[in-house]
2 protein chains.
Amino acid sequence: MARPRAFDPEDALLKIKETFWRLGYEGTSLQDIEAATELKKQSLYRLFGDKRKMYLAALEHYEAHEVRTALKALEREGPARVRFRALFDEIVEGAIASGDRRGCFLCNACTDQAQLDDETRKFVRKQLEAALQAFEEALSAEKAYAGNETLRKEQAAGLMAAYFGLRVLIKGDMPESVLRGAADAAIASISAN
Amino acid sequence: MARPRAFDPEDALLKIKETFWRLGYEGTSLQDIEAATELKKQSLYRLFGDKRKMYLAALEHYEAHEVRTALKALEREGPARVRFRALFDEIVEGAIASGDRRGCFLCNACTDQAQLDDETRKFVRKQLEAALQAFEEALSAEKAYAGNETLRKEQAAGLMAAYFGLRVLIKGDMPESVLRGAADAAIASISAN
DNA sequence: AATGTTACGGACCGGTCAGTAAATAACAGC
DNA sequence: GCTGTTATTTACTGACCGGTCCGTAACATT
């Protein structure tokens, strides 16, 4: 009943996500977003409200796609070491092969905005806890952890830290050998039995 | 032979460091720095050159103080587990007790500026490699690692990732239980023999 | 074809950004 | 007490910030 939108909001959000991902919240200007989406400011504001909401929408998009995909990979059958090996290797491979050193957007958001913006903090915390839960479940398949919740939770937290730490080392320009070492050490820390 | 400086440059740099540490590079304005140092812009520019140089000077100050102190703690005598336990516990304790969730400035710099600014990248990389070296040396005391350089390097990288990951979990507002779990898992991954 | 509703585009808002110029002030050596 | 040098302060620059206004265009309904 009115003029139809001439662009794809999902596609726009994807571009916004990539921009915030690369440049951070304060590092991204509306001009950057306009350039990335090829949209005018007004179209963006009508769709999202303001810059902060664009950022949060971008984070949600990241969760719904990148994070979800990564956690899905943990649900496959097999020993815990194999499951996590797939997760860690994909990250290292991506950093080496395609030179993608953007890191993890969620991890970036932790260091960038979580302590400065309440909404971001709440969102990030919720996502981190969900990921932790997924890590824990992936460990349940292993006998060593199945009957020991404390140990399982501890190991899940440890793997989470290892994962985020690896992401930081990637952004910190560490060479392949270090990245592989960190990944291997994380996998080796998982009990196999 | 000229008008003496009326403020302490070291003290000013300390305040600048704390501001960048808390707000990030783009999130910090010259006004923020003026307010923190109680100095006028011109005094800052004469002393440092520009904002970027202030940031790099702040990073160097962090390295010369916080990082150096932390790595010194690893040089004490005793089993590797005890050495790293001290390092990790201090971080967790700081986050819990004093509510200090600023994280690690060097780690923040990795996710914030390392991929966007060449000088920062080089500096961060150098510091990360030095820290890695220190981790490796702290592991040399352990028999399991003394004779196996590959394993030692791998474990050092793993602990480094665990450390940075813990720092990210802290900024991501994770509860004490998760932080302690991550620290305990990291320590448990060190071979004791 | 007229109307109501939404989308678009560009000018524009006040404010802030990093950085600079120039005037004044405090010292040392002579 | 004059001169040279450096510190401090104020005022300013031009660009850019996030955000809004408003005139116009494109559609659906009637």
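For every chain, the first residue of the written sequence is number 1, and numbering continues from 1 onward in sequence order. Each chain gets a letter, beginning with A, and each ligand a number, beginning with 1, in the order they are written. The predicted origin of the model limits local features to residues at a pLDDT of at least 70 and limits the giving and counting of side-chain atom pairs to 80 or more, whereas totals for whole chains, interfaces and linings rest on all residues. With hydrogens and water stripped out, all remaining heavy atoms of the structure feed into the side-chain values.

Novice: Which parts of the structure should I look at to understand helix H10 (residues 176–188) of chain B?
Specialist: Each helix is a run of DSSP H or I of at least 4 residues and each strand a run of E of at least 2, with the numbering of both proceeding from the N terminus. Helix span, expected: 1.5 Å multiplied by one less than the number of residues in the helix. Over its 13 residues, H10(B) extends 18 Å from the first C-alpha to the last, a length consistent with the 18 Å expected when each residue adds 1.5 Å. Residues of H10(B) that are buried: Val178(B), Leu179(B), Gly181(B), Ala182(B), Ala183(B), Ala185(B), Ala186(B) and Ile187(B). At its buried positions, H10(B) is contacted by helix H7 (118–140) and helix H9 (149–171) of chain A together with helix H5 (80–97) and helix H9 (149–171) of chain B. With a 1.4 Å probe rolled over the protein chains alone, any residue whose accessible area is under 20% of its type maximum counts as buried; one over 50% counts as exposed, and the rest are partly exposed. Whether two residues are in contact is decided by their heavy atoms, any of which lying within 4.5 Å being enough.

Novice: Help me understand the environment of Pro79(B) in this model?
Specialist: All names here are of chain B. Mapping Pro79 onto the fold places it in the loop between helix H4 (51–73) and H5. On the basis of relative accessibility, which here comes to 44%, the residue Pro79 falls in the partly exposed class. On a C-alpha basis, the gap between Pro79 and Leu23 in space is 38 Å, while along the polypeptide they are 56 residues apart.

Novice: I keep staring at the domain arrangement of chain A and nothing clicks. Help me out?
Specialist: Interfaces are often described in size by the accessible area the parts lose on coming together. Residue and element names in this part refer to chain A. For chain A, the domain assignment lists domain 1 (8–54) and domain 2 (74–188). Between the C-alpha centres of domain 1 and domain 2 the distance comes to 27 Å. In this assembly, domain 1 packs against domain 2 so that about 750 Å² is buried in total across both faces, 52% of it on carbon and sulfur atoms. In short, buried area is how much 1.4 Å probe accessible area vanishes from two parts on joining, totalled over both. A per-residue breakdown of the area domain 1 buries against domain 2 is headed by Trp21, Tyr25 and Arg52, which together make up 71% of the total. Criterion for a salt bridge: a side-chain nitrogen of Lys or Arg within 4 Å of a carboxyl oxygen of Asp or Glu. One can count 1 salt bridge joining domain 1 with domain 2. In the analysis that follows, any N or O atom pair within 3.5 Å is treated as a polar contact, provided that within protein one partner can donate a hydrogen and the other can accept it, and provided that, for residues neighboring in sequence, both atoms belong to side chains. Taken together, the links from domain 1 to domain 2 amount to 4 residue pairs in polar contact (both at pLDDT 80 or more). The leading source of residues in the side of domain 1 that touches domain 2 is helix H1 (residues 9–23), at 4 residues. Domain limits in this description derive from either an automatic procedure or a database domain assignment.

Novice: Teacher, can you tell me more about the packing of helix H6 (residues 105–112) of chain B against helix H7 (residues 118–140) of chain B here?
Specialist: The geometry of a pair of packed helices is captured by two quantities: the angle between their axes and the separation between those axes. Residue and element names in this part refer to chain B. H7 packs onto H6 with a crossing angle of 135° between their chain directions and a minimal axis gap of 10 Å. Taken together, the axes of H6 and H7 lie oblique to each other. Handedness of the H6/H7 crossing: left-handed. Contact with H6, carried on its side by Leu106, Ala109 and Cys110, involves Thr120, Val124, Gln127 and Leu128 of H7 and no other residues of that element. Taken together, the residues of the contact of H6 with H7 sort by class into 5 nonpolar, 2 polar and no charged. Axis lines are fitted through C-alpha atoms, for helices just across the contact stretch, and the angle between N-to-C directions can take any value from 0 to 180 degrees. An angle below 35 degrees is read as roughly parallel, one above 145 as roughly antiparallel, one from 65 to 115 as roughly perpendicular, and any other as oblique. Here a crossing is taken to be left-handed if its near helix is turned anticlockwise relative to the far helix by less than a right angle, and right-handed if that turn runs clockwise. Ten residue types, Ala, Val, Leu, Ile, Met, Phe, Trp, Tyr, Cys and Pro, are classed as nonpolar, four, Asp, Glu, Lys and Arg, as charged, and the remainder, Gly among them, as polar.

Novice: I keep staring at the protein's contact with DNA strand D and nothing clicks. Help me out?
Specialist: By nearness alone, 24 residues border DNA strand D, and Met1(A), Lys41(A), Tyr45(A), Ala6(B) and Arg46(B) come closest of all. Sugar and phosphate atoms form 60% of the subset of DNA strand D atoms that lie within 4 Å of the protein. A distance of 2.7 Å separates a phosphate oxygen of DNA strand D from a polar atom in the backbone of Leu30(A). Within the side chain of Lys41(A), an N or O atom sits 2.3 Å from a base oxygen of DNA strand D. Put simply, the parts of the chain that give the surface near DNA strand D at least two residues each are helix H2 (30–37) and helix H3 (41–48) of chain A together with helix H3 (41–48) of chain B. For the surface near DNA strand D, the residue count by class is 10 nonpolar, 6 polar and 8 charged. We call a residue near a molecule or strand when any one of its heavy atoms sits within 4 Å of it.

Novice: Explain the relation of the copies chain A and chain B to me, please; I cannot follow it from the model alone.
Specialist: What connects the two chain copies is a rotation about an axis and a shift along it. Superposition of chain A onto chain B requires a rotation of 180° combined with a translation of 0.0 Å along the rotation axis, giving an RMSD of 0.1 Å. Taken together, the rotation and translation describe the operation of a two-fold axis. The position closest to the rotation axis in chain A is occupied by the C-alpha of Gly165(A), lying 1.9 Å away. Most of the interface of chain A is mirrored in chain B, where 100% of its interface residues are also at the interface. Least-squares superposition of the copies uses the C-alpha atoms of those residues scoring a pLDDT of at least 70 in each of them.

Novice: In this structure, what is going on with the packing of aromatic side chains? I would like to understand it.
Specialist: One pair of aromatic rings is described through two measures. These are the centre distance and the angle between the planes. All names here are of chain B. Here a Phe, Tyr or Trp ring, Trp counted by its six-membered ring, pairs with any other such ring whose centre lies within 6.5 Å, and the pair is stacked when the planes are under 30 degrees apart, edge-to-face when over 60, and tilted otherwise. This model, assessed by the stated rule, comprises 20 aromatic pairs over all chains. Seen in terms of ring centroids, Trp21 and Phe105 are 6.2 Å apart; in terms of plane orientation they differ by 20°. Their pairing is stacked. Taken together, the residues Trp21 in helix H1 (residues 9–23) and Phe105 in helix H6 connect sequence positions 84 residues apart. The two residues Trp21 and Phe105 agree in class, both being buried. A centroid spacing of 5.1 Å and a plane angle of 70° characterise the contact between Tyr25 and Tyr55, whose relative ring orientation is edge-to-face. Residue Tyr25 is located in the loop between H1 and helix H2 (30–37), and its partner Tyr55 is located in helix H4; the two are separated by 30 residues in the primary sequence. Here, over-ring charges are defined by two tests on the NZ atom of lysine or the CZ atom of arginine: distance to the ring centre within 6 Å, and angle to the ring normal within 35 degrees. One Lys or Arg, Lys51, reaches over the ring of Tyr25 and ends 4.4 Å from the middle of that ring. Taking the ring centre of Trp21 as reference, the NZ or CZ of Arg102 above it sits at 3.8 Å.

Novice: When you look at the pattern of salt bridges in this model, what are you seeing that I'm missing?
Specialist: As enumerated under the stated definition, the model contains 30 salt bridges over all chains in all. For Arg125(A), the salt bridge goes to Glu129(A), with nearest N and O atoms at 3.6 Å. Of this pair, Arg125(A) and Glu129(A) both sit in helix H7, 4 residues apart, which is roughly one turn of that helix. Glu66(B) serves as the salt-bridge partner of Lys17(B), at 3.0 Å between the closest nitrogen and oxygen. With Lys17(B) in helix H1 and Glu66(B) in helix H4, this pair connects stretches of sequence that are 49 residues apart. Under the relative-accessibility criterion, Lys17(B) is labelled buried at 2%. By relative accessible area, which is 28% here, Glu66(B) ends up partly exposed.

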